[in-house]
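# Residue-level structure breakdown
Residue strings, one per chain:
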Amino acid sequence: MSEVKLAAEIRTEFGKGAARRVRRESKVPGVLYGHGSDPIHITLPGHELLLALRTSNVLLAVDVEGKTELAIPKAVQRDAIKGFLEHVDLLIVKRGEKVNVEIPVHTEGELAPGAYLVEHVLNALPVEAEATHIPESVTVSIAGLAAGDSILAKDVPLPSGTTLAVEDDTVVLQVLAAQAEEPSAEAEAEGEEAAEA
């Protein structure tokens with residue numbers, strides 16, 4: 001995983017008004033914390049941060065007044081309607097340190113012939129990985145699976161250096177039989193009326 005470098009500025013004003021002013025300047029208020037250090041309130045460049053956050057569990061090299069800290073996003077707040085970034089919490093990490101993160105689960109292959117659906121019980125798999133080598137995602141083969149089949153956490157192929165942070169027998173995906181919708185009572189009544197006419 002590559003590092004994304006971001007230049008941050010120390011934030012001295014707090015509150016809604018200050019946060020609005022920061023966002024008007026196309027910047028995002030945030031906080032950098034971890035490893036027993038005092039939280040550092042910062043502002044980050046909005047567009048660059050938005051691009052970086054397109055990669056889940058991105059590793060950020062945040063330059064704060066000449067000192068670079070490695071961090072991963074811990075909490076990202078977005079505007080519910082417009083989707084712009086409102087605030088970000090960044091957790092300081094060290095090279096070689098293990099961190100708990102959730103990585104997206106993707107599927108490949110075709111289910112067995114028939115009317116089957118894949119239910120993602122877990123959209124993201126909790127794992128423990130080295131902070132500078134967090135996998136972007138994992139891919140699971142669903143080829144030939146039929147109703148009643150499931151894939152457990154222990155069945156998911158993980159990159160080396162990554163371990164599960166959930167029980168081995170946790171269900172990640174399961175295959176269900178598609179159910180035909182039963183006609184509603186109203187539709188049945190209309191059908192009977194049409195038949196009588």
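Refer to the structure above for everything that follows.
Residues numbered from 1 in each chain as written. Predicted model: local features only at pLDDT ≥ 70, side-chain atom pairs only at ≥ 80, totals over all residues. Heavy atoms only, no water.

## A short note on unusual backbone geometry
Stated precisely, the cut-off is as follows: Using a 1.4 Å probe on the protein chains alone, a residue whose accessible area is under 20% of its type maximum counts as buried, one over 50% counts as exposed, and one in between counts as partly exposed.
At E65, a position not held by glycine, the phi torsion is positive, near 50 degrees. For E65, a relative accessible area of 68% puts it in the exposed group.

## A word on the sheet that holds strand 8 (residues 116-120)
This is how it is decided: At least two DSSP bridges between two strands are required for those strands to pair. We count a stretch as a helix when DSSP gives it H or I for four or more residues in a row; a strand needs E for two or more, and each element gets its number in order from the N terminus. Interaxial angles span 0 to 180 degrees and are taken between N-to-C directions of axes, which are lines fitted to C-alpha atoms, for helices over the stretch in contact.
Spatially, three strands are ordered 8-13-11 in an open sheet, and the strand pairing comes out antiparallel. Two strands lie at the open edges of the sheet, namely strand 8 and strand 11 (150-152), each paired on one side alone. Between one strand and the next, the sheet's axes are offset by a mean angle of 15 degrees, whatever the strand orientation. Of the pairings in the sheet, the one linking strand 8 to strand 13 (residues 171-177) comprises five bridges and is antiparallel in character. Paired with E119 across the two strands is Q174, which belongs to strand 13.

## Some points on the pattern of salt bridges
Counted only if it meets this: Each salt bridge in this description consists of a side-chain nitrogen of Lys or Arg and a carboxyl oxygen of Asp or Glu lying within 4 Å of one another.
Scanning the model with the defined rule gives two salt bridges in all. Close ionic contact of E69 with K67 constitutes a salt bridge, the shortest N to O distance being 3.2 Å. A salt bridge links K94 to E69; the shortest N-O distance between them is 4.0 Å. Placement of K94 in the loop between strand 6 (85-93) and strand 7 (98-108) and of E69 in strand 5 (residues 67-78) is noted, with a sequence separation of 25 residues between them. Taking the relative accessible area as the measure of exposure, K94 reaches 40% and is therefore partly exposed. Assessed through its relative accessible area of 10%, E69 is described here as buried. Each of K67, E69 and K94 takes part in one network of salt bridges that share partners.

## Comments concerning the sheet that holds strand 7
Taken together, four strands build an open sheet; the order of strands is 10-7-9-12 and the sheet is mixed. This sheet does not close on itself; its edge strands, each paired only once, are strand 10 (138-141) and strand 12 (163-164). Across four bridges, strand 7 lies against strand 10 in parallel orientation. Within the sheet, the bridge partner assigned to E108 lies in strand 10 and is S141.

## Considering the pairing of strand 5
By the bridge criterion, five bridges tie strand 4 (residues 59-64) to strand 5 in an arrangement that is antiparallel. Each bridged residue has a counterpart across the sheet, and for V64 the counterpart in strand 5 is K67. The turn joining strand 4 and strand 5, which pair antiparallel and follow one another in sequence, is formed by two residues; a positive phi near 50 degrees is taken by E65. Here strand 5 pairs with strand 6 via eight bridges, running antiparallel. Bridge pairing in strand 6 links R78 to L85.

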